[in-house]
Amino acid sequence: MKYLRLLLFIIGAAVTVDGAVTVQNLNRTLGIGIFAEKNPWDFQLFLRRSRLRFAGNGGKYSTFYRGDIAGVPAKEIHITTDRSARQITLISIYFANRGDDRKAASDIQDARRIISGKLHTLLGKSRRESPDFVPVRTKMDLWQCRFAKIWLEVDKNEFIMLHIQPSAVRQPKDAPAKKDLSKNLERNGFGDVYIKNIPMVDQGSKGYCVPATLSRIFLYYGINMDMHHLAKMGGADPEDGTNVDQINKSIRFIRRKTGLGMAKISDVSVKSVSRYIDKGVPLCWCMHSTAELNKLYNFSRLNRPRAGSVQNWKRTLKKISIPRRTTNNHVCLIIGYNAGTDEIAVSNSWGNAHIQPLWIPVKAAKKVSADFLFVFQP
């Protein structure tokens, strides 16, 4: 009997070793078709297998998700790919967080218990390690098999995330990609100059415009800084937003570590932004998001393509005026300019519908500007 028990123990333990953990086991545990035996990290094959529809750009894809993963309701799934956008380098699944969940603390602990339990049953005991895909020092629970590294990241008062990383991938976390960013510029016959390939981070309904905007910039430079980490570092409030000066002080060590310089600009004009846009560097704009400005966004989105010529559009812009406002503080990106029409292009952290630039005349931008722009650049 003693030997039989030992044999049963060995057989039971075998499910946690690489050879016995199958893609079927993993997919069944997670409740979604993430893994495959052949070409498991091919992005297009993953889309077919998981039946998810992603939107995004710049090597970062995201989707809102309305289903359970590992037995817990998930909110979003983010996919990071390599520069070719063919191979997945990281899958991040977002569950409860303080910004979206008033009961975050209790929901985070419940989610941790359920997810850890399922992974422990399949893969055995986890170990605490620091991952290589974030530039901040943090410990996560790690399970590893021949298919992947599976990380469970928990901050008891802030968020819970599950990260899935190919076993063979190591991601640099200390330096942004050293490349010619001007290659991301798009120019057209209308005189528009704007930056493409800036990843979208959707802040949702919470007041996370500052961390979401900063996250977009970091991701654009190849630094995997998540909105929720930045919100924690900057003391962001889901309703009252984030103090820009406070979060900039909090991320100094990341800027030093990644070699990002910072500059402040006090004027919104084609001249002030073009010197950065021409290098492929976006700007953070502190401004006031008003109803009148949102109407102008929509007017421009609808009518600008129909103008037919630069001269026609310039005549239209002469008739446009919005009142000066100093309420509804907001931060967004300036990603382009048009010197001929005296316009700037902005991009808000409001989802994939806002990836394309929104064009507004500088005279209108000055009416809602907080007269404060800042730039991070390698």
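Just above, that's the structure.
Residues numbered from 1 in each chain as written. Predicted model: local features only at pLDDT ≥ 70, side-chain atom pairs only at ≥ 80, totals over all residues. Heavy atoms only, no water.

Moving on to the overall build of the protein. When you go through the protein residue by residue, the secondary structure sums to twelve helices and 16 strands. In terms of overall size, the protein behaves like a compact globule, its C-alpha atoms giving a radius of gyration of 23 Å where 378 residues would be expected to give roughly 21 Å. If you line up the protein on its principal axes, its C-alpha atoms span 90 × 40 × 35 Å. Per-residue burial over the protein gives 54% buried out of 378 residues. For the protein, the share of sequence-separated contacts (at least 6 apart) that also reach a separation of at least 24 residues comes to 62%. When the accessible surface of the protein is summed, it comes to about 17800 Å², and 50% of that surface belongs to carbon and sulfur atoms. One finds the centroid of the 59 positive side-chain charges in the protein at a distance of 3 Å from the centroid of its 32 negative side-chain charges. (Helix = DSSP H or I, 4+ residues; strand = E, 2+ residues; numbered from the N terminus. Rg over C-alpha atoms; globule rule 2.2 N^0.38 Å. Buried < 20%, exposed > 50% of the residue type's maximum accessible area, 1.4 Å probe, protein only. Contact = heavy atoms within 4.5 Å. Areas by Shrake-Rupley, 256 points an atom, 1.4 Å probe, with all protein chains shown as cover. Lys, Arg positive; Asp, Glu negative; His and termini not counted. Charge placed at Lys NZ, Arg CZ, Asp CG, Glu CD.)

This next bit is on the pairing of strand β3 (residues 72-81). In terms of residue burial, β3 counts as a mostly covered element, since eight of its ten residues are buried. Here strand β2 (residues 60-69) runs beside β3; their pairing, made up of eight bridges, is antiparallel. Directly across from Gly 67, in β3, lies its bridge partner Ala 74. Hairpin geometry of β2 and β3 is characterised by an intervening segment of two residues between the two adjacent antiparallel strands and by a positive phi of about 55 degrees at Ala 70. Linking β3 back to strand β4 (residues 88-97) in an antiparallel pair, the connection comprises six residues, with Ala 85 at a positive phi of about 60 degrees. (Pairing = 2+ DSSP bridges.)

Before going further, it helps to spend a moment on the nonpolar core. If you look at the biggest cluster of nonpolar residues, it comprises 70 residues, and the most contacted ones within it are Leu 214, Trp 285 and Ile 344. Val 21, Ala 74, Ile 88 and Phe 147 belong to the second-largest nonpolar core, a separate cluster that totals 42 residues. (Core = buried A, V, L, I, M, F, W, Y, C linked by side-chain atoms within 4.5 Å.)

When two helices pack together, you describe them by how their axes are tilted relative to each other and by the distance separating the axes. The interhelical angle for the contact between helix α2 (residues 23-30) and helix α4 (residues 104-123), taken along N-to-C directions, is 165 degrees, at an axis separation of 10 Å. With respect to α4, the element α2 is oriented roughly antiparallel. In the packing of α2 onto α4, the handedness of the crossing is right-handed. Contacts from Asn 25, Leu 26 and Thr 29 in α2 reach Lys 118, Leu 122 and Leu 123 in α4. Here the residues of the contact of α2 with α4 sort into three nonpolar, two polar and one charged. (Axes fitted to C-alpha atoms, helices over the stretch in contact; angles between N-to-C directions. Parallel < 35°, antiparallel > 145°, perpendicular 65-115°, else oblique. Left-handed = near helix turned anticlockwise from the far one by under 90°. Nonpolar A, V, L, I, M, F, W, Y, C, P; charged D, E, K, R; others polar.)

Now for the packing of aromatic side chains. According to the stated counting rule, one finds twelve aromatic pairs in the structure shown. Note on Tyr 194 and Trp 359: the rings are 6.4 Å apart at their centroids and 80 degrees apart in plane angle, and the pair reads as edge-to-face. Taken together, the residues Tyr 194 in strand β10 (residues 193-195) and Trp 359 in strand β15 (residues 358-361) connect sequence positions 165 residues apart. Comparing Tyr 194 with Trp 359 shows no difference in burial state: the two are buried. One aromatic cluster in this structure is built from Phe 43, Phe 46, Phe 54 and Tyr 61. (Phe/Tyr/Trp six-rings, centres within 6.5 Å; stacked < 30°, edge-to-face > 60°.)

Turning next to the pattern of salt bridges. In the structure shown here, the tally under the stated rule is 13 salt bridges. Across the pair Lys 232 and Asp 155 runs a salt bridge whose closest N-O atoms are separated by 2.4 Å. On the criterion of sequence distance, the pair formed by Lys 232 in helix α6 (residues 227-233) and Asp 155 in strand β7 (residues 148-155) is long-range, its members being 77 residues apart. Lys 232 sits in the partly exposed class, given a relative accessible area of 43%. Through salt bridges with shared partners, a single ionic network connects Arg 112, Arg 128 and Asp 141. (Salt bridge = Lys/Arg side-chain N within 4 Å of Asp/Glu carboxyl O.)

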